[in-house]
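Fold and contact review
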Amino acid sequence: MRIAVIGAGIAGLVAACGLQRDGHEVIVYEQRDHPGADGAGLTLFGNAFDALTAVGLSETVKSVSSGAIATMHAGQRAPDGSWLLTLPRASVATLRSAHRVALHNALVAQLAADTLRSGTTAHVATNGAPNISTHGVSEEFDLVIVADGLRSKNRERLGLETGLSYAGYTAWRGVTTTPVEIDNAAGETWGRGAIFGIVPLPDNRLYWFGTLTTEADRVFADERQVVHDIFGAWHAPIPACLAATPAENIMRHDVYELAKPLASFTLGRTALLGDAAHAMTPNLGQGAGQGIEDAVTLTMLLRGVDGNDLGGVLERYSKLRRQRTTALWRQSRWMGRIAQASGPLTAGIRDFGMRMTPGRIAGLASHQLQSWNQPG
Ligand SMILES: Cc1cc2nc3c(=O)[nH]c(=O)nc-3n(C[C@H](O)[C@H](O)[C@H](O)COP(=O)(O)OP(=O)(O)OC[C@H]3O[C@@H](n4cnc5c(N)ncnc54)[C@H](O)[C@@H]3O)c2cc1C
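Residues numbered from 1 in each chain as written. Predicted model: local features only at pLDDT ≥ 70, side-chain atom pairs only at ≥ 80, totals over all residues. Heavy atoms only, no water.

**Some remarks on the pairing of strand 1 (residues 2–6)**
- The buried count for strand 1 comes to four of five residues, which makes it a mostly enclosed element.
- Note: strand 1 against strand 2 (residues 25–30), five bridges, orientation parallel. Within strand 2, the residue paired with valine 5 across the bridge is valine 28.
- At this point the chain moves from strand 1, through helix 1 (residues 10–21), to the parallel strand 2, and the crossover so formed is right-handed.
- The sheet contact formed by strand 1 and strand 12 (residues 143–146) spans four bridges and is parallel. When the sheet's bridge partners are listed, valine 5 is paired in strand 12 with isoleucine 145. (Buried < 20%, exposed > 50% of the residue type's maximum accessible area, 1.4 Å probe, protein only. Helix = DSSP H or I, 4+ residues; strand = E, 2+ residues; numbered from the N terminus. Pairing = 2+ DSSP bridges. Right-handed = clockwise from strand over helix to strand, strands pointing away.)

In structure tokens form, the structure reads like this:
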């Protein structure tokens, strides 16, 4: 089949690589001149690797990621460093982390030459016909895959838009440039209306994130100073992580999610995947993982199918993926509200509940999260 993929983010690239490996003719359109991933680090759980294995990409992603967290003391701490919850080793056994740029480049390198058309904004046909227009010229395909991210303009063109909603917090992300001793511990620290996370990357660098419950579009005069003001007095090694991160390695984004799940991930011969289909808050660390599951599910469903059977395949894709991602979108939103609790009473109850929760119970919850069911 001849397939267009709109968007060279993680979801679009995994779809393009998988489909190309299966013998489809694939073209990827990316609006940016120099496609690359925004952001610092990324964690992927076993569900993403199970899916990547099904399209032969698992080793590629493993080669640019670190599995160090699997051997570390992981879970949630309080700002004074005491552990609120320690996760059992089994819940982080498959967890790996990568720098987004390395991951993006590794996936692009798997594409055949001339697959990627950078600097090209693509628009879908509003009726779901498999045509796209670029630079005012229309091109025909058998299938169009829309992977153009959270603020997807093509979702809107297809009439599938449900709007975006601000999650109530902003997030800084950074990567260290000099070594920091983390004492074999990683994970998150939950304060009042603020969270700090530490994740080891390959090459002894650390990826960290810091969140703050606040209004949208807030302007800070000095982002690095604000991060120091919020987290600088928290437990070691948080101050050292901040000190090891130059200002140019710190970025901030307000966190948005889809306001409501989409009624369908497909229209005609057009299929949505990744954040375009189900943007969720980052609280479960599953946004990109779900985009990978979408891409691989669609690739597998298309195996052995000719153009005439496409309708049924796309219907099945939409049903399977809406079910899984809607549950996670909800869970992630709920988790974000608990994690970002800022009132002393609510944060206090939350912390007490966590200290009382046995790690193995928390481990059971993460099992379902980390299980990807191959389409049969
Ligand atoms: C603070 C934070 C932390 C996160 N941490 C994690 C984590 O640890 N693990 C995890 O799994 N997920 C995480 N996520 C979520 C994850 O980043 C996203 O789910 C994922 O990157 C989405 O990938 P995507 O390919 O769907 O979209 P994107 O990465 O947004 O890619 C879309 C691409 O489409 C292009 N594009 C847009 N419109 C057009 C057009 N018309 N024509 C051509 N190209 C177009 C864009 O330029 C872009 O390159 C996090 C998110 C946030 C905000």
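**Overview of empty space enclosed by the protein**
- Summed over the entire model, instances satisfying the criterion amount to one cavity of 30 Å³ or more.
- Space inside the largest cavity adds up to approximately 40 Å³.
- Leu258, Pro261, Leu262, Phe265, Ala277, His278, Thr325, Thr326 and Trp329 are the residues that line the largest cavity.
- Counting only elements with at least two residues in the lining of the largest cavity, the list comes to helix 9 (275–278) and helix 11 (310–339).
- The biggest single contributor to the lining of the largest cavity is helix 11, with three residues.
- The residue inventory of the lining of the largest cavity, partitioned by class, reads six nonpolar, three polar and no charged. (1 Å grid on protein atoms, 1.4 Å probe; cavity = no way out; pocket = protein on both sides within 12 Å on 5 of 7 lines; lining within 4 Å. Points joined across faces, edges and corners; volume = space filled by probe spheres on them. Nonpolar A, V, L, I, M, F, W, Y, C, P; charged D, E, K, R; others polar.)

**Focus on the nonpolar core**
- Core analysis: the biggest nonpolar cluster contains 70 residues, and Val14, Leu103, Leu273, Ile292 and Val296 have the highest contact counts within it.
- Ranked by residues supplied to this core, first place goes to helix 1 with eight residues.
- Setting aside residues up to four positions removed in sequence, leucine 103 forms contacts with Ile10, Leu42, Leu44, Val61, Val64 and Ala98.
- If you look at the next biggest cluster of nonpolar residues, it comprises 26 residues, including Met72, Ala186, Phe196 and Leu206. (Core = buried A, V, L, I, M, F, W, Y, C linked by side-chain atoms within 4.5 Å. Contact = heavy atoms within 4.5 Å.)

**With respect to the sheet that holds strand 10 (residues 131–134)**
- In space, the three strands of this open sheet follow the order 9-10-11, with antiparallel pairing throughout. Both edges of this open sheet fall to strand 9 (122–124) and strand 11 (137–140), since each of them pairs with a single strand only. With direction set aside, neighbouring strand axes in the sheet form an average angle of 30°.
- When strand 9 meets strand 10, the two strands line up antiparallel, connected through three bridges. (Axes fitted to C-alpha atoms, helices over the stretch in contact; angles between N-to-C directions.)

**A few points about helix 10 (residues 287–301)**
- In a regular helix each residue adds 1.5 Å, so 15 residues correspond to 21 Å; helix 10 covers 21 Å between its end C-alpha atoms and thus fits that length.
- With 13 of 15 residues buried, helix 10 is to be regarded as a mostly interior element. (Expected span 1.5 Å × (residues − 1).)

**Considerations on the layout of surface pockets**
- By volume, the second largest pocket is sized at about 280 Å³.
- In terms of lining, the second largest pocket is formed by 18 residues, of which the most central are Leu320, Arg321, Arg324, Ser371 and Asn373.
- Counting residues per element, the ones that place at least two in the lining of the second largest pocket are helix 10, helix 11 and helix 13 (359–369).
- Looking at which element gives the most residues to the lining of the second largest pocket, the answer is helix 11, with eight residues.
- Across the lining of the second largest pocket, the residue classes tally to six nonpolar, eight polar and four charged.

**Topic: the pattern of salt bridges**
- If you walk through the whole model with that rule in mind, you get 14 salt bridges.
- Of the charged contacts in the structure, one is a salt bridge between aspartate 203 and arginine 205, with a shortest N-O distance of 4.0 Å.
- The salt bridge partner of glutamate 257 is arginine 333, with a shortest N-O separation of 2.9 Å. Residue glutamate 257 is found in strand 17 (residues 250–258), and its partner arginine 333 is found in helix 11; the two are separated by 76 residues along the sequence.
- We classify glutamate 257 as buried; its relative accessible area is 2%.
- Salt bridges linked by common partners bring Arg2, Glu25, Arg117 and Glu139 together as one network. (Salt bridge = Lys/Arg side-chain N within 4 Å of Asp/Glu carboxyl O.)

**Points about the sheet that holds strand 1**
- Strand order across the open sheet formed by six strands is 8-2-1-12-19-18, with mixed pairing between neighbours. The open sheet has two free edges, formed respectively by strand 8 (116–118) and strand 18 (266–267), since each of these has just one partner strand.
- Against the sheet, helix 11 touches strand 12, strand 18 and strand 19 (270–272), its axis set at about 15° to strand 19.

**Here we look at unusual backbone geometry**
- Of the consecutive residues alanine 236 and proline 237, the connecting peptide bond is found in the cis state with omega at 5°.
- Along the chain, proline 237 turns up in the loop between helix 7 (223–231) and helix 8 (238–243).
- In this structure, aspartate 183 is a non-glycine residue whose phi angle is positive, near 55°.
- For aspartate 183, the position within the fold is in the loop between strand 13 (164–175) and strand 14 (185–190).
- Backbone geometry places asparagine 204, a non-glycine residue, at a positive phi of 60°.
- Its location among the elements puts asparagine 204 in the loop between strand 15 (194–200) and strand 16 (206–213).
- According to the relative accessible area criterion, asparagine 204 is exposed, its value standing at 66%.

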